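# Fold and geometry: a report
The chain contents come next:
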Amino acid sequence: MNLEHLIETSKIRVEKLFDKYFDSHLCPAPLLQQAMSYAVLNGGKRIRPLLVYATGHSFGAKWDDLDGAACAIELIHSFSLIHDDLPAMDNSDLRRGKASCHKAFNEPLAILAGDSLQSLAFEVIVSHPGQLTADQRLQMIKTLSYAGGLYGMAGGQALDLAKTPSLLEMYHLKTGALLIASIKLGAIAANVPHDTLIILEKFAKNLGLAFQIQDDLLDTEESQTIGKPQGLDIINDKSTYPIMHGVLASQEKINELMTEAFELIKPLGNQTQLLQELTLQLLQRKK
Ligand code: IPE
Ligand code: IPE
Ligand code: MG
Ligand code: MG
Ligand code: MG
């Protein structure tokens, strides 16, 4: 499969899955449901589902067995963005070029929308149709719950708020954890051997760090391009790699991390070509 086909097909599949999960019939709290779907169906790049599909395909999983995981990781990611934008956190009015969830609705609904998206993610992993075994689903739940919690995204967000001096540890947790989980979910669906999983995890760790440095570099670009307020990290007095070390050193760090990542993944041979091509494309993104 080539990269263009993967990108096109995975986007179509994931949007279709969301249509299914946000079909509003018989919903007891329609406003909450609207806040949830507003935050998910708003033009995200769907990078995490892409990583699930790319990894899964590279190691022989079927589309149908990757759908649930692709959908679930994007639900957790969307939840993390809703809470990240709240006044108590980054206080951002703009997300993906539109009013952020708490602006379009209100803070209580935004908090609840995040909570409910997180629950929905686990429901999808457990219940989405497909040939996955109960053990595979269990491993997926373990991966997702670890990545979203204290030792993952939430822990990293706490370090971000505490203005930790260990920038890379904070990046690894707040952003790396969900990207690592994306690759692991694809690998679990493909039943890869344990040593392959370990290599993929190391690769994904570097990708996660590079991805967040790139996000920080994009912070100073025009709001119209990035779909987020321009310069918010500076306004919020955040410690980011570009703010601490400069633009040039940040670009060099991204290159260093990716060179090392491609070196790490070499033992897996050309099975990882798709993943490598995708990674290079992700780090050239403009939003
Ligand atoms: C933004 O992630 C938040 C980070 C973890 C850096 P993305 O750049 O993947 O955002 P969307 O989903 O495309 O909006
Ligand atoms: C990543 O960091 C946020 C999450 C882990 C949700 P940022 O705060 O930099 O992400 P953006 O720039 O708001 O998308
Ligand atoms: Mg943040
Ligand atoms: Mg933010
Ligand atoms: Mg950012």
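Let me sum up the structure you'll find in this document. Note that the coordinates shown come from a computational prediction; the quantities given were computed from them, not determined experimentally.

## Here's the deal with the pattern of salt bridges
In this structure the tally under the stated criterion is 14 salt bridges. Between Glu74 and Arg46 there is a salt bridge; the shortest N-O distance is 3.0 Å. With Glu74 in helix H4 (residues 63-85) and Arg46 in the loop between helix H2 (30-40) and helix H3 (47-58), this residue pair connects regions lying 28 residues apart in the sequence. For the pair Glu74 and Arg46, one class covers both residues: buried. Between Glu201 and Lys184 there is a salt bridge, and its shortest N-O distance comes to 3.8 Å. Note that Glu201 is positioned in helix H10 (residues 194-218) and Lys184 in helix H9 (residues 167-189), a separation of 17 residues in sequence. By relative accessible area, which is 28% here, Glu201 ends up partly exposed. Counted as one network, the salt bridges with shared partners bring together Glu15, Arg46, Glu74 and Arg96.

## Quick notes on the coordination of the magnesium ion (ligand 3)
Ideal geometry at a metal gives 109.5 degrees between four tetrahedral donors and either 90 or 180 degrees between six octahedral ones. For the magnesium ion (ligand 3), the full set of protein donor atoms is Asp84 (OD) and Asp90 (OD), at a range of 2.2 Å. Here the magnesium ion (ligand 4) and the magnesium ion (ligand 3) are spaced 3.1 Å from one another, each receiving a donor from Asp84. Each member of the pair, Asp84 as well as Asp90, is classed as buried.

## Quick notes on the side chain of Asp90
Its location among the elements puts Asp90 in the loop between H4 and strand E1 (94-95). A relative accessible area of 12% places Asp90 in the buried class. Within the structure, Asp90 has its side chain in polar contact with the side chain of Lys238 (distance 2.8 Å). Setting aside residues up to four positions removed in sequence, Asp90 forms contacts with Asp84, Asp85, Leu232, Asn236 and Lys238.

## Concerning the site of ligand 2
Every residue close to ligand 2 is listed here: Ser80, Leu81, Asp84, Asp90, Arg95, Gln157, Lys174, Thr175, Gln212, Asp215 and Lys228. Arg95 is positioned such that a nitrogen or oxygen atom in its side chain is 2.8 Å from an oxygen atom of ligand 2. Between ligand 2 and the protein, one listed contact pairs an oxygen atom with a side-chain N or O atom of Lys228 at 2.7 Å. When ligand 2 sits alone it has 390 Å² of accessible area, and the protein chains cover 88% of it. Considering each element in turn, the shell around ligand 2 owes the most residues, three residues, to H4. Class assignment for the residues of the shell around ligand 2 results in one nonpolar, four polar and six charged.

The rules behind each value
Residues numbered from 1 in each chain as written. Chains lettered and ligands numbered in written order. Predicted model: local features only at pLDDT ≥ 70, side-chain atom pairs only at ≥ 80, totals over all residues. Heavy atoms only, no water. Salt bridge = Lys/Arg side-chain N within 4 Å of Asp/Glu carboxyl O. Helix = DSSP H or I, 4+ residues; strand = E, 2+ residues; numbered from the N terminus. Buried < 20%, exposed > 50% of the residue type's maximum accessible area, 1.4 Å probe, protein only. Donors = N, O, S within 2.8 Å, 3.2 Å for Na, K, Ca; no water. Polar contact = N/O pair within 3.5 Å; in protein donor to acceptor, adjacent residues only side chain to side chain. Contact = heavy atoms within 4.5 Å. Near = heavy atom within 4 Å. Areas by Shrake-Rupley, 256 points an atom, 1.4 Å probe, with all protein chains shown as cover. Nonpolar A, V, L, I, M, F, W, Y, C, P; charged D, E, K, R; others polar.

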